[in-house]
Amino acid sequence: MSRIYHSKLVNSTQMVKEAHANKYAIGHFNINNLEWTKAILEAAQESNTPVIIATSEGALKYMGGVKVVVGMVNGLLEALDITVPVALHLDHGQSVEMAKKCIEGGYSSVMFDGSHLPYEENIAKVKELMDFANAHEVSVEAEIGSIGGEEDGVVGEGELGDPNQAAEMATTGITMLAAGIGNIHGKYPEWWKSLSFDTLEELQEACKLPMVLHGGSGIPQDQVEKAIKLGISKINVNTELQLAFRDATREYIEAKKDLDDEAKGFDPRKLLAPGFKALKQTFLDLTKVFGCQGKAK
């Protein structure tokens, strides 16, 4: 598969480096379909906000594969006349082969999640990917420790990141580093209290790279803001978007608007419109907290 060169996509490197230097965070928003993608891109353009849109391997498969996703994103960038920086990112890539496939297909940023592997195998695979990614000017995210919970079949126990590993991983040339700091994918349980800010400080001192907060949905705002000050420069959002879309759609259905045959409330465009609007508003609310809103050059 030959790489697509006529895309408006940019890699994540410049946007996360600027965020790191200026103590704000870029929002990474997972997409699941056309509505999801269009809502995020429109909100980013309207608010002059740089953005990373991402697919997990599961969402990528659901939408039809790399070619479909890249084609849809590039088509929307052109049709909507998007001028803010947009990166298309592979989230939690579980193999170097999958990351390479996405790069060849037109993704501008990839994550290789080797956190479930022995550390030596993890860093060896990161080095292998870096040679390929650098040749295509694609940014790379790696992970040490693990994020609690489950993401596309990868289950993490929530191990805290090791500063020594962080320092060594930085020598590979990766753009950004994800590490376990007490964060969890999905909804946070009642017993969860806080991120480990001591761990974050130690990791940041060791790697001096833009760092990534996975499981960003549901962390209290004051903790998010403190994490950004300590080196978090990219925040991943998925569950919060899904919940916003669900709640808006449920309200439409419970109001029985879908049963209004005269107004054609059953039309998918009308049925999905409340969720679409909720996605845009969630993007605006969160990027304001992250500090990246209005930061597009």
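The name given to the protein in an unreviewed UniProt entry is Fructose-bisphosphate aldolase, and the organism recorded there is Spiroplasma monobiae MQ-1.

K.L.:
A description of the overall build of the protein should follow, citing residues and the corresponding values.
P.N.:
From N to C terminus, the protein includes twelve helices and ten strands. C-alpha atoms of the protein, sized along the principal axes, occupy 65 × 50 × 35 Å. Taking all 297 residues of the protein together, 55% fall into the buried category. Restricting the contact set of the protein to residue pairs at least 6 apart, pairs at least 24 apart contribute 73%. Each charge class in the protein can be summarised by its mean position, and for the 29 positive and 42 negative side chains these summaries are 6 Å apart.

K.L.:
An account of the UniProt feature "active site" (unreviewed entry) in the protein is needed here, citing residue identities and associated values.
P.N.:
Summarizing the sequence annotation, UniProt attributes the feature "active site" (unreviewed entry) to Asp-91 in the numbering used throughout. With a relative accessible area of 2%, Asp-91 lands in the buried category. A polar contact is formed between the side chain of Asp-91 and the side chain of Asn-30, at a distance of 3.3 Å.

K.L.:
So what about the packing of aromatic side chains? Which residues, and what values?
P.N.:
Aromatic ring pairs: the centre-centre distance and the angle between the two ring planes describe each pair. Scanning the model with the defined rule gives two aromatic pairs in all. Ring geometry for Phe-29 and Phe-283: centres 4.8 Å apart, planes at 45°, overall tilted. With a gap of 254 residues between them, Phe-29 in strand E1 (residues 26–30) and Phe-283 in helix H12 (residues 273–290) connect regions that are remote in the sequence. Overall, the relative accessible area of 0% leaves Phe-283 in the buried class. Sitting over the face of the ring of Tyr-24, Lys-295 holds its NZ or CZ atom 5.0 Å from the ring centroid.

K.L.:
Before we move on, can you summarise the pattern of salt bridges with the specific residues and values?
P.N.:
A pair can form between side chains of opposite charge whenever their charged atoms are brought close. A complete count under the given rule lists ten salt bridges for this structure. Asp-247 serves as the salt-bridge partner of Arg-246, at 2.9 Å between the closest nitrogen and oxygen. What makes Asp-247 partly exposed here is its relative accessible area of 40%. Across the salt bridge formed by Arg-269 and Asp-267, the nearest N and O atoms sit 3.0 Å from each other. On the accessibility criterion, Arg-269 (69% relative accessible area) is exposed. Take Asp-267: its relative accessible area is 16%, and that puts it in the buried class.

K.L.:
Could you give an account of the sheet that holds strand E10 (residues 232–237), naming the residues involved and the relevant values?
P.N.:
Strands in a sheet are paired, the pairing made by backbone hydrogen bonds, and the direction either parallel or antiparallel. Pairing within the closed barrel is parallel, and its eight strands lie in the order E1-E2-E3-E4-E5-E8-E9-E10. The sheet shows a mean angle of 25° between the axes of neighbouring strands, direction not considered. Direction of pairing for strand E8 (residues 176–179) relative to strand E9 (residues 211–213): parallel, over a ladder of two bridges. Its bridge partner being in E9, Leu-177 is matched across the sheet by Met-211.

K.L.:
Help me get a handle on the UniProt feature "binding site: Zn(2+) 1" (unreviewed entry) in the protein, residues and values and all.
P.N.:
Residues given the UniProt feature "binding site: Zn(2+) 1" (unreviewed entry) here are His-92, His-185 and His-214. Judged by relative accessible area, which is 2%, His-92 ranks as buried.

K.L.:
Tell me about unusual backbone geometry, and name the residues and values.
P.N.:
The backbone of Asn-48 sits at a positive phi, close to 55°, despite the residue not being glycine. Considering the arrangement of structural elements, one finds Asn-48 in the loop between helix H2 (34–46) and strand E2 (51–56). Using a relative accessible area of 34% as the deciding quantity, one classes Asn-48 as partly exposed. Of note in this structure, His-92 is not a glycine but carries a positive phi near 55°. The topology assignment puts His-92 in strand E3 (residues 86–93).

Cut-off values and rules
- Residues numbered from 1 in each chain as written.
- Predicted model: local features only at pLDDT ≥ 70, side-chain atom pairs only at ≥ 80, totals over all residues.
- Heavy atoms only, no water.
- Helix = DSSP H or I, 4+ residues; strand = E, 2+ residues; numbered from the N terminus.
- Buried < 20%, exposed > 50% of the residue type's maximum accessible area, 1.4 Å probe, protein only.
- Contact = heavy atoms within 4.5 Å.
- Lys, Arg positive; Asp, Glu negative; His and termini not counted.
- Charge placed at Lys NZ, Arg CZ, Asp CG, Glu CD.
- UniProt positions renumbered as here; feature names shortened; annotations may be inferred.
- Polar contact = N/O pair within 3.5 Å; in protein donor to acceptor, adjacent residues only side chain to side chain.
- Phe/Tyr/Trp six-rings, centres within 6.5 Å; stacked < 30°, edge-to-face > 60°.
- Lys NZ or Arg CZ within 6 Å of the ring centre and 35° of its normal.
- Salt bridge = Lys/Arg side-chain N within 4 Å of Asp/Glu carboxyl O.
- Pairing = 2+ DSSP bridges.
- Axes fitted to C-alpha atoms, helices over the stretch in contact; angles between N-to-C directions.

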